[in-house]
Amino acid sequence: MAIKITKHYIINLSLAVVIFAIGILAIRYYNHYVSAYTDITLNSSVLNESRKVFIRLPANYNPKRAYPLIIKTDGNFNLDTWDKALTKQAKSEKGDKAILVSIPNLFFTDTRNRDLVPPYARQDVNTQARPEGETLIEPNGETLIEPNGEADKFLAFIETELLPYLSVKYKLSNNRVLSGFSAGGSFVLYTLHTRPELFNGYFAFSPAAWYDDMTVVNNVEAFLTTQANKIKSPTYLYLSVGGAEHPLMLKAFDNLESALTANPNNNLVWQSAINEGAEHSDNPTLSVSKALAGFSKFIKK
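Residues numbered from 1 in each chain as written. Predicted model: local features only at pLDDT ≥ 70, side-chain atom pairs only at ≥ 80, totals over all residues. Heavy atoms only, no water.

S.K.: Describe in detail the packing of aromatic side chains, supporting the description with residues and values.
M.R.: By the definition in use, this model includes 16 aromatic pairs. With centroids separated by 6.2 Å and ring planes inclined at 75°, the aromatic side chains of F203 and F295 adopt a geometry described as edge-to-face. In this pair, F203 sits in strand β8 (residues 201–205) while F295 sits in helix α8 (residues 283–300), placing the two residues 92 residues apart along the sequence. Residue classification places F295 among the buried residues on the basis of a relative accessible area of 6%. Each residue in the set W82, F203, F205, Y236, Y238, F295 and F298 is aromatic and connected to the rest through ring pairs, giving one cluster. (Phe/Tyr/Trp six-rings, centres within 6.5 Å; stacked < 30°, edge-to-face > 60°. Helix = DSSP H or I, 4+ residues; strand = E, 2+ residues; numbered from the N terminus. Buried < 20%, exposed > 50% of the residue type's maximum accessible area, 1.4 Å probe, protein only.)

Here it is in structure tokens:
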């Protein structure tokens, strides 16, 4: 028996598909761009765009008390783990210890690599070094220079717009942490070797330091060798990697450890950990509590 498909049926089916697609998009947007905490939007002149920020205040927040600050990248990613770790720390140390600020990536535009990859590495990350003068040839014959990351601009947004906003809005102590995972971990290392005074705590979970034939590692090593005097006050660095991660990630991690060991610095206290059996996405969940514990011990000294 033939099924008669009417114009009315096609319209209803099309509407159902559109509504379903909008529903899926709305769920994805909510999961990515809405947090369980306080969400604010900053109009950034540095980035020339509006950026959302998630702010988690301590459970018994007291506006008259000065709190340490933790800034992390990648928005909602692993945010539940941070919440649980800070809650547990508050119970064990009798007092919630920090204001947590998480910066999500833009939703409708892919900005993660743009914001987190250092400006000396390609946005479209590559394992091999880029030959000098390398260009891209478009199908129409146009020659383009392959874009580098713009972590310098994202860091300027944090330094000149986000931190001043938070300093006015909340009472902050001098203890400030920057944390990131993967590309965010390379951003943490970039900040450490370019603006070490901005934070006294740096957490780099599975840092993607292998970009462009280990260029992040090389820049960190050069900093430790020739410019480590820029670390003028006690600073804490926590590095971690999963034992089951890609060999390139493990090699970069090993090279970072070697560079830190070969260039001791009285003002830089560092710890590292390999979480055995952990894959790339597992490692940050296993690292948060350890990093917080290490930093807590560091600031008590």
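S.K.: Explain the sheet that holds strand β7 (residues 172–181) residue by residue, including any values.
M.R.: Judged by pairing direction, the sheet is mixed, and its eight strands sit side by side in the order β1-β2-β4-β3-β7-β8-β9-β10 without closing on themselves. What marks the edges here is a single partner per strand, and that holds for β1 (38–44) and β10 (268–275). Within the sheet, the average angular offset between the axes of one strand and its neighbour, ignoring direction, is 20°. Here β1 pairs with strand β2 (residues 49–56) via seven bridges, running antiparallel. Bridge assignment links T41 to a residue of β2, and that residue is K52. (Pairing = 2+ DSSP bridges. Axes fitted to C-alpha atoms, helices over the stretch in contact; angles between N-to-C directions.)

S.K.: Can you explain the environment of R56? Please cite residues and give values.
M.R.: Structurally, R56 is set in strand β2. For the pair formed by R56 and I70, sequence separation is 14 residues and the distance between their alpha carbons is 9.8 Å. Reaching out from R56, the side chain makes a polar contact with the side chain of D83 at a distance of 2.8 Å. (Polar contact = N/O pair within 3.5 Å; in protein donor to acceptor, adjacent residues only side chain to side chain.)

S.K.: If you had to explain the pattern of salt bridges to someone new, which residues and values would you point to?
M.R.: Counting across every chain of the model gives eleven salt bridges. Between E49 and R114 there is a salt bridge, with the nearest N and O atoms lying 2.7 Å from each other. A residue pair is termed long-range when its members are at least 10 positions apart, and E49 in strand β2 and R114 in helix α3 (residues 112–116) qualify at 65 residues. Its relative accessible area of 16% is what places R114 among the buried residues. Connected through shared salt-bridge partners, E49, R51, R114 and D115 make up one network. (Salt bridge = Lys/Arg side-chain N within 4 Å of Asp/Glu carboxyl O.)

Take it as geometry only, folks, not as evidence of what the structure does.
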